[in-house]
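The primary structure of each chain is shown beneath.
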Amino acid sequence: IETALELRRRHPGWLLAGERHAKQLPGFDFGNSPTQIEAADLAGRTLVHTTHAGTQGLVNARLADEVVTGSLVNAAALVRY
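The rules we used
Residues numbered from 1 in each chain as written. Predicted model: local features only at pLDDT ≥ 70, side-chain atom pairs only at ≥ 80, totals over all residues. Heavy atoms only, no water. Helix = DSSP H or I, 4+ residues; strand = E, 2+ residues; numbered from the N terminus. Buried < 20%, exposed > 50% of the residue type's maximum accessible area, 1.4 Å probe, protein only. Contact = heavy atoms within 4.5 Å. Core = buried A, V, L, I, M, F, W, Y, C linked by side-chain atoms within 4.5 Å. Lys, Arg positive; Asp, Glu negative; His and termini not counted. Salt bridge = Lys/Arg side-chain N within 4 Å of Asp/Glu carboxyl O. Polar contact = N/O pair within 3.5 Å; in protein donor to acceptor, adjacent residues only side chain to side chain. Pairing = 2+ DSSP bridges.

1. Brief notes about the overall build of the chain
For the chain, the helix and strand inventory stands at four helices and three strands. In sequence order, the chain lays out its α and β elements as α-β-β-α-β-α-α. Once the C-alpha set of the chain is aligned to its principal axes, its extents read approximately 40 × 30 × 25 Å. Expressed as a percentage of its 81 residues, the buried residues of the chain come to 19%. Across the chain, every contact between residues at least 6 apart in sequence was considered, and the portion connecting residues at least 24 apart equals 38%.

Here's what the structure looks like:
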């Protein structure tokens, strides 16, 4: 959380998305729900994202040959993969 907020201080135009225990973080533009972000115009924008469990899982998989993530939003693409 602190790193994301520091990045925002350095880059005021960057957007922040994140949650802890399913609650949007104070000072963040979005929580972790794709429905909050789907209408946002993110073209050309930098989005910093942190979650309670998801981020930790990705960081812990850094030595994996391949990492595939899934959610309801990308379920069709995941099935095709």
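2. Things to note about the nonpolar core
Note on soluble globular proteins: their nonpolar side chains tend to be buried together. If you look at the biggest cluster of nonpolar residues, it comprises five residues: A4, L16, L25, F28 and V48. Leaving out residues up to four positions away in the same chain, L16 has contacts with A4, L5, R8, G27, F28, D29, F30, L47 and V48.

3. Quick notes on the side chain of E19
Counting through the fold element by element, E19 comes out in strand β1 (residues 15–20). No salt bridge forms around the buried E19; measuring N to O, its nearest opposite-charge neighbour R20 is 5.2 Å away. Polar side-chain contacts of E19 include one of 3.0 Å to the backbone nitrogen of H21. Within the structure, E19 has its side chain in polar contact with the backbone nitrogen of H52 (distance 2.7 Å). Look past the residues within four positions of E19 in its chain and what remains in contact with it is Q24, L25, N32, T50, T51, H52 and A53.

4. Things to note about the pattern of salt bridges
Scanning the model with the defined rule gives three salt bridges in all. The partner of R9 in a salt bridge is E6, with the nearest N and O atoms 3.1 Å apart. Here the residue R9 and the residue E6 both occupy positions in helix α1 (residues 2–10), the gap between them amounting to three residues, near one helical turn. Judged by its relative accessible area of 29%, E6 falls in the partly exposed class. Here R8 makes a salt bridge to D29, at a shortest N to O gap of 2.1 Å. Note that R8 is positioned in helix α1 and D29 in the loop between β2 (23–24) and α2 (34–37), a separation of 21 residues in sequence.

5. Quick look at the pairing of β1
With five of six residues buried, β1 is to be regarded as a mostly interior element. Bridge count for β1 against strand β3 (residues 47–50) is four bridges, and the pairing is parallel. Note that in β3 the partner of A17 across the bridge is H49. The hairpin turn running from β1 into β2, its antiparallel successor, is two residues long, and H21 in that turn takes a positive phi close to 55°.

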